[in-house]
Amino acid sequence: MTPNAGRIEMAVCVVGIYVCFLSWGILQERVTTTPYKDDQTGSARKFKYFVFLNVVQSIIASGVAFVCMYLKGEAVLFPSVPLRNKYIQIAIISVCAAPFGYASLKYIDYPTMILGKTGKLVPVMLMNIILYRKSFPWQKYLVVVLITAGMSLFMLANPKDSHKKQNSGAAPVPLLLKLWGIALLSVNLLLDGVTNSTQDEICRTFRHVTGISMMLWMNVFASTIMCVFLACSDPFTHELSGALTFAATHPRVLVDVLLFGVCGAVGQCFIFHTIERFGAMFLVTVTVTRKMGSILVSVFLYGHPLVLWQWVAVGLVFAGIFCESYFGKGHRKGGEKTSHEIRGSDSGTTVVDEKRNEHSQPGIRKRK
């Protein structure tokens, strides 16, 4: 693949992630905040069954991945024991990560949580180094520093935050509880870092595993774990029975939930292809900078003013994006790279022989 073709593929992945997850975020807000009216009683209630929502999305994503594999000519085979263990590990960690993020909102405000999320590049890189002894070129460290510093400065320089706190009637949260909230958020970010770094490790170790096959089995195992949890915990939490009853009395929520699942599933196709081709670090860079893009769209559409330091922060973020774009495809004098070389250099690893692990059961094969 030529460098230009690789950049076009990278651009398609970025646009796909932006479009799908912008729509996904709108639908998520609609499902979780819109009061749905009961056709019989006329009363309005909000949908608060988030585990059930994640199960539906995971099941839809599994179905979309299966269809994509069939259309691409990949036979769906049960993964080997080492690969299956990796998938189960990622599924358990990803299922456990979300509750820590939700729990942290009881003690810290939403801007603080977003500020923490923008620093996700740091735990992803840290987990890659600690768990898998992975090294990165100096350009990757520069990208992480520029983007994380830019996003942090942008949020901290927001003049509206302190004004809102002064005019809010809510009781202040004690310092110890704030620290507890930050600790919960830190656990969430570390678990996300383990998930992303393990996905990267799968792509390096099992060379013939594609992003779509990883998407299929991760969602299959995750949905299985969450279904078992729903069935076992329902006598105590009423999550499953409550969601089904809500859907029966408020059928309009089903349309929003299904659209939410479809947008998330299509977005995951772009995400897992990005992991396969360009590595988890590039993926996290895209998802973090998407937040900055959303902020800038809001600024220009609705005329929200930015202070000087926020414009400096914008410059830092886009400097990081430029470095990722310039160095991300392994810029060097002359010569082109094969797809395996491109993937290896984007992940910051040494390129290995294409024959490596060819005897390892990859979990997928081309249909004959």
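Residues numbered from 1 in each chain as written. Predicted model: local features only at pLDDT ≥ 70, side-chain atom pairs only at ≥ 80, totals over all residues. Heavy atoms only, no water.

1. Regarding the overall build of the chain
Put simply, the rule is: Here a helix means four or more residues in a row that DSSP labels H or I, a strand means two or more in a row labelled E, and each is numbered from the N terminus. Relative accessibility thresholds used throughout: buried, under 20% of the residue-type maximum; exposed, over 50%; partly exposed, between the two (1.4 Å probe, protein chains only). When checking whether two residues touch, look at their non-hydrogen atoms; a contact exists if any pair is within 4.5 Å. Only the protein chains shown count as cover for residues, and the accessible areas themselves come from Shrake-Rupley with a 1.4 Å probe.
A count of helical and extended segments in the chain gives 14 helices and 4 strands. When each of the 368 residues of the chain is scored for burial, the buried share is 46%. Considering only intrachain contacts with a sequence separation of at least 6, the fraction spanning at least 24 residues in the chain is 84%. Working note: accessible area of the chain is about 18,800 Å², and carbon and sulfur atoms make up 68% of it.

2. Regarding the nonpolar core
Operational definition: Nine residue types can take part in a nonpolar core, namely buried Ala, Val, Leu, Ile, Met, Phe, Trp, Tyr and Cys, and a core is a set of them joined through side-chain atoms within 4.5 Å.
Counting residues in hydrophobic clusters, the biggest one holds 53 residues, and the most contacted among them are Phe 47, Tyr 87, Ile 202 and Met 214. With sequence-adjacent residues up to four places away left out, Tyr 87 is seen in contact with Pro 79, Ile 202, Val 209, Ser 213, Met 214, Trp 217, Met 218 and Phe 221. Among the nonpolar cores identified, the runner-up in size contains 5 residues, and Ile 93, Met 127, Leu 191 and Val 194 belong to it.

3. Examining the packing of helix α9 (residues 211-237) against helix α11 (residues 252-278)
Where we set the bar: Every axis in this analysis is a line fitted to C-alpha atoms, fitted for helices over the stretch in contact. Angles between the N-to-C directions lie between 0 and 180 degrees. Each angle receives one of four descriptions, namely roughly parallel if under 35 degrees, roughly antiparallel if over 145, roughly perpendicular if within 65 to 115, and oblique otherwise. Note on convention: the crossing is left-handed when the near helix lies turned anticlockwise from the far helix by less than a right angle, right-handed when the turn is clockwise. Any residue outside Ala, Val, Leu, Ile, Met, Phe, Trp, Tyr, Cys, Pro, Asp, Glu, Lys and Arg is labelled polar, Gly included; the first ten of those are nonpolar and the last four are charged.
Interhelical geometry of α9 versus α11 gives an angle of 125° and a closest axis separation of 8 Å. Considering the angle they form, α9 stands oblique to α11. Seen from above, α9 lies across α11 with right-handed handedness. Taking contact as the criterion, the partners of Gly 211, Ile 212, Met 214, Met 215, Met 218 and Asn 219 in α9 are, on α11, Ala 265, Gln 268, Cys 269, Phe 272, His 273 and Glu 276. Grouping the amino acids of the contact of α9 with α11 by side-chain chemistry returns 7 nonpolar, 4 polar and 1 charged.

4. Topic: the packing of aromatic side chains
Definition in use: Two rings belonging to Phe, Tyr or Trp (six-membered ring only in the last case) form a pair when the distance between their centres is within 6.5 Å. Interplanar angles under 30 degrees mark stacking, angles over 60 mark edge-to-face geometry, and anything in between is tilted. Lysine and arginine charges are scored as sitting over a ring when NZ or CZ, respectively, is within 6 Å of the ring centre and within 35 degrees of the ring normal.
Applying the stated criterion to the full structure yields 11 aromatic pairs. A ring pair is formed by Trp 217 and Phe 221, whose centres lie 6.0 Å apart and whose planes are at 35°; its orientation type is tilted. Pair noted here: Trp 217 and Phe 221 are both in helix α9, with a separation of 4 residues, about one helical turn. Both residues of the pair, Trp 217 and Phe 221, count as buried. Ring pairing ties together the aromatic residues Tyr 36, Phe 47, Tyr 49, Phe 52 and Phe 246, which thus form one cluster. Above the ring of Phe 278, the side-chain terminus of Arg 277 is found at 5.3 Å from the ring centroid.

5. Section: the confidence of the model for the chain
The condition is simple: Every residue carries a pLDDT, the predictor's confidence in it, which falls somewhere between 0 and 100.
Across the chain, the average pLDDT comes to 75, with 72% of residues at 70 or higher. Mean pLDDT values over the elements of the chain span from 34, in helix α14 (residues 339-346), up to 92, in α9. The low-confidence segment residues 329-368 (pLDDT under 50) makes 88 contacts with residues lying over four places distant or belonging to another chain.

6. Details of the packing of α9 against helix α10 (residues 239-249)
Across the interface, α9 lies against α10 with an axial gap of 6 Å and an inter-helix angle of 85°. Regarding the angle of α9 to α10, the classification is roughly perpendicular. Residues Leu 230, Asp 234 and Thr 237 of α9 pack against Glu 239, Leu 240 and Ser 241 of α10. Residues belonging to the contact of α9 with α10 are distributed by class as follows: 2 nonpolar, 2 polar and 2 charged.

7. Quick word on the pattern of salt bridges
The cut-off we apply is this: For salt bridges, the criterion is a side-chain nitrogen of Lys or Arg within 4 Å of an Asp or Glu carboxyl oxygen.
Under the definition given, this model contains 4 salt bridges. We note a salt bridge from Arg 277 to Glu 9, for which the minimum N-O separation is 3.0 Å. Of this pair, Arg 277 sits in helix α11 while Glu 9 sits in helix α1 (residues 3-33), placing them 268 residues apart in sequence. Pair check on accessibility: Arg 277 and Glu 9 agree, each one buried.

8. Regarding the environment of Val 31
By the element assignment, Val 31 lies in helix α1. Look at Val 31 and you get buried, because its relative accessible area is 0%. Separated by 224 residues in the primary sequence, Val 31 and Val 255 have C-alpha atoms spaced 9.7 Å apart. Beyond its immediate sequence surroundings of up to four residues, Val 31 is in contact with Tyr 36, Phe 47, Leu 53, Asp 256 and Val 257.

9. Looking at the state of the cysteines
Formally: Disulfides are defined as pairs of cysteine sulfur atoms found within 2.5 Å of each other.
By the definition in use, this model includes 0 disulfides. This cysteine, Cys 68, is not joined by any disulfide, and Cys 269 carries the nearest cysteine sulfur, 4.1 Å off. With a relative accessible area of 23%, Cys 68 lands in the partly exposed category. For the unlinked cysteine Cys 263, the closest cysteine sulfur is that of Cys 20, found at 6.7 Å.

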